[in-house]
Amino acid sequence: MCHNRDKILFYIKALRRLVRGCFPILCALIPAAVVVSGCARQSQIQNFQMTMANAVQPESVPEQSKLVIFTSHKKEVYQPVVREFEERTGIWVEVTAGGTQEMLDKIRDNVDFGDVDLMFGGGVESLEAYKQSFAPYRAQDAAELDSHFLSVDDSWTPFTELPIVFIYNPKLVSLEQAPKDWQEFLDGTWKGQIAFADPLHSGTSYTILCTMMAISGMHQKKLLDTFKAQLDGQVLSGSGDVLTAVATGQCLVGITLEESALKEIAKGNDIAMVYPESGTSALPDGCAILKNAPHPDNAEKFIDFIISEDTQEFAVESLYRRPVREHIALPEDRQTFELVPLDVVKNSREEAEILSQWTQGANIQSTGSQGEEAAP
Amino acid sequence: MKLPHRSFRTQLLKSFFLVSVIPLLISCVLTVNLFRSKVARDIAASDIEEAERLNGKLTQLFDSFRAVTDQISEDAYIQQALTEGRVRIPSVYASLYRETESIRNISTVDIYSGRNRIYSTGRGTEDKTLPLHYGVLKRASEHPGELVYTVGMEGMDTTTPTLDIARKINQNDGYVVITMHAQGFTTLLGGGLSGQNGFAVVNRFWEPAFRMGSLANASVLAGCRDNLMAGKGYKDGLTGSFYLSDLGDSGLRSIYTAPPALSQDIISSMYRIILILAAVSMGFCLLASAWMSRALSQPIHELSDAMKRLRHGDLDAHVDMQREDEFGQLAEGFNKTSARLKTYMEEQVSQQKQLNDTKTAMMQAQLNPHFLYNTLDTIKWVAKEHHVPEIAALSQSLAKILRRSISGEPFCTLEDEIDLLENYCSIQSFRFDNSFVFDYDIPETLMHAVIPKLILQPVVENAIIHGLEGVPDGRVQVLAKSCGAEDKDLEILVTDNGRGISNEMLQMLARHEAPSLSGHLGCRNVDTLLRLNYGDAYGLSARRLPERGTEMRILLPLRLDSGSNHNS
């Protein structure tokens, strides 16, 4: 009996001690419980928000439906192509755009991480120079392509070709006076009236110099000095400025890409275009799959897509470019011309040397805004 | 005094905290949360309503697109123009304008023959082409008779998107294309969105056909798309609510977004206010508990002080408290108690004084024992002179007994006690006509054992008077021996050969009861004396011997007299 009572007393004491000990915990627990209940209510609100007719919850994109590309094309070029690709394949494309050199350097530095699939754009001479970063792929329709533009080892696949043309302001220069051939840019006919972008900033200008060397047969140093004399020490800072300078009458004539000229003409600006009589060069731009590409199947689909008949036709009709695929009809305003072959590999190799010769000697003044380079 | 005061204060503080701060916190947090959920609910409801309204307008518009294109496809003039090629028939425009009346203010309707636009409700008549194998016409040719919705790329204008809706209406590559610009959307949807809300129409790849409000900033939707591509939730890193809805079967999706109902700033400032309130009420709790504890502890302190004085003998301790409450009653009670105590103590003191006076008087009344002793000595010498040796012997023995009994010493040696017994027995022997003999057998060492004075005499007296009554050859013997563990105890046995102790007496001794029979008082006193001196393990016990007689046993601790200089 006595033992039992002791036991009961012990339990009562223990209980009281427990209650006293738990006091601060209770004090802390009550607000905590309130906050937790508040959070629970918050999530109820979240649920409540979804009670809407036709409500959808988008799911993240599965890995097999992704493609990550780097491009040096302008948005007006890559966006319709990429959108059409998405519509046709259901593949989501992530695009990062930038200058050719910037993108290629990024690719060279990051190719081991394997988070980019494809480089879209860039002259094939640049792609050739970086081909250790690319995985060879032979497009399904490779046989349909103009063999002039094919890569020897399929490191890259050409997309379009971009011929170099002369432009003039038709309000200031009559059709009869308009430049006919390359010789006129070296013999003083247009001295001080030539719109030309600084080759240090414009890949197109470098290609123009190479083309002039190939056509005139002059020694490179002599040619550079002669041409610089014609420019009267005036170069423009970007390719875009060439068109503006001619359209505004700042210069009478200019040398630029057919694509740029046609676009300006389509806009209704005062530009007229002439194909050189003795022919011109047409450097293709290309597309290449990166080594370690995370979605190589989709990258191959993209390459097949850009050289498909539909895309090539689109490039001709809407992007003012020339096809690399054969049997694509050209609009009436595109004349045929004699193609001046350029040694892509050699020009790529000698670029630094020629550019350093260009900067030496004659004082060259760069004018105009530093515009975005018209992508080749 | 300090510690209990503090704990009392803590207890008060705890209780105040429990009844004020906790309920305050709970109710505030509950209120904020309720308010928050209410606001969020209301705003969500109005957002949904707004989103539904916009979606409704769009789906209604899409329905009217269907109706308009139905009419156009059935229009005989238009069909004729398409079938015959690029022929301008004046009445075509009349019917085109009539049929597109309902949608012309918000969209442009073009008729394409192949890739060339032949009629347009838009301004101007400039030539326009669309690729047949790319974009919207391609989609339309893949789904003849159906309306296809694509995000436009008209005019290569990449900054403000358009929505192109096309339908193939003629086998000879005849299409009707409806183009909606941002302006058309704004006209339709009524422009202004409330506050920071945004609205957008996107295709299945989250590419926008129209954006307005907060979504006009292209980076928001681009961020959503990047999130989806990165495998995250589309609104990862974005705040606010998003309402996504499919727009009929157009394959387009509308996105309505609203900023959070209550921004984090408001919520956190509300919680800050709650914290300040809690702190203020905590401060009040502290003040109140301090005040209360002081109000309570001061009278307690006074009372406790008075009690301390009382405890230390100050019977005049008095608490002067002018209060009507419980403390006042308590103080009054204390004052009454101390007054009563004082009276009681005074009574006690006067009683004791009386007692002492009486004792003194009694002592003064007692006969001087030395006078008795000297008288007996004189009787002894007178008897010797008159040759009555019995009187001389008797008076000598009585004198010896008297001398020993009046000595102030409470203890004596066993030897002294035996000496006393011999004198006593000589007197008793004379009284009872030499009817008994007394002898003893005690080891020499035990003769020096120290025992309480006069503990053997009553036992021997008991044996002579009660045990040997009527026995002709009586004998009383005293034996002593050491016993117990390590011989620490002393056992003294008093035996007689009388008629034996009565059962009644045995029980009384066993129970240590006061004897009812007079004359046995001496034995009982011995027992009590021994127990008081040495504890309950010691005392007097008795037993009847098997043949005849009684054995009384005295047990006490053995203590030897170290000096052994006791005078006999």
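Reading guide: rules and limits
- Residues numbered from 1 in each chain as written.
- Chains lettered and ligands numbered in written order.
- Predicted model: local features only at pLDDT ≥ 70, side-chain atom pairs only at ≥ 80, totals over all residues.
- Heavy atoms only, no water.
- Buried < 20%, exposed > 50% of the residue type's maximum accessible area, 1.4 Å probe, protein only.
- Helix = DSSP H or I, 4+ residues; strand = E, 2+ residues; numbered from the N terminus.
- Pairing = 2+ DSSP bridges.
- Salt bridge = Lys/Arg side-chain N within 4 Å of Asp/Glu carboxyl O.
- pLDDT = per-residue confidence, 0-100.
- Contact = heavy atoms within 4.5 Å.

Asks: Looking at this structure, I do not really get the pairing of strand S6 (residues 198–202) of chain B. What am I missing?
Replies: On a regular strand, each side chain points to the face opposite its neighbour's, so the side chains alternate between the two faces of the sheet. Residues and elements named next belong to chain B. Summarising burial for S6: 5 of the 5 residues are buried, a large majority. Of the two faces of S6, the one lined by Gly198, Ala200 and Val202 and the one lined by Phe199 and Val201 are each fully buried. Pairing geometry for S6 and strand S7 (residues 208–213), over 5 bridges, is antiparallel. When the sheet's bridge partners are listed, valine 202 is paired in S7 with proline 208. Once S6 ends, the chain turns through 5 residues before running back antiparallel as S7, passing tryptophan 206 with a positive phi of about 65°. As defined by bridge partners, S6 adjoins strand S9 (residues 253–258) across 5 bridges and the pair is classed as antiparallel. Paired with valine 201 across the strands is serine 254, a residue of S9.

Asks: How should I be thinking about the pattern of salt bridges in this particular structure?
Replies: Working definition: two side chains of opposite charge can pair if their charged atoms are close together. The tally for this structure, following the rule as stated, stands at 48 salt bridges over all chains. Across the pair A:Glu86 and B:Arg225 runs a salt bridge whose closest N-O atoms are separated by 2.3 Å. Taken together, the residues span two chains, with A:Glu86 in helix H2 (residues 75–89) and B:Arg225 in helix H6 (residues 218–229). Note on accessibility: A:Glu86 and B:Arg225 belong to one class, buried. Residue B:Asp316 pairs with B:Lys342 through a salt bridge whose shortest N-O separation is 2.7 Å. Placement of the pair is B:Asp316 in the loop between helix H7 (264–311) and helix H8 (326–365) and B:Lys342 in helix H8, with a sequence separation of 26 residues. A relative accessible area of 53% means that B:Asp316 is categorised as exposed. Several salt bridges share partner residues, and in doing so they unite A:Glu84, A:Arg88, A:Asp310, B:Lys138, B:Arg139 and B:Glu142 into one network.

Asks: Explanation requested: the confidence of the model for chain A in the structure shown.
Replies: A low pLDDT means the predicted coordinates there should not be read in detail. All names here are of chain A. Summary statistics for chain A give a mean pLDDT of 83 and a share of 85% for residues scoring 70 or more. For chain A, strand S12 (residues 365–367) is the element with the lowest average pLDDT, namely 63, and helix H9 (residues 296–306) is the one with the highest, namely 95. When the criterion is pLDDT under 50, residues 44–50 qualifies, and its contacts beyond four places in sequence or with other chains add up to 13 contacts. Taken as a whole, residues 369–376 scores under 50 in pLDDT and shows 31 contacts with residues more than four places along the chain or in a different chain.

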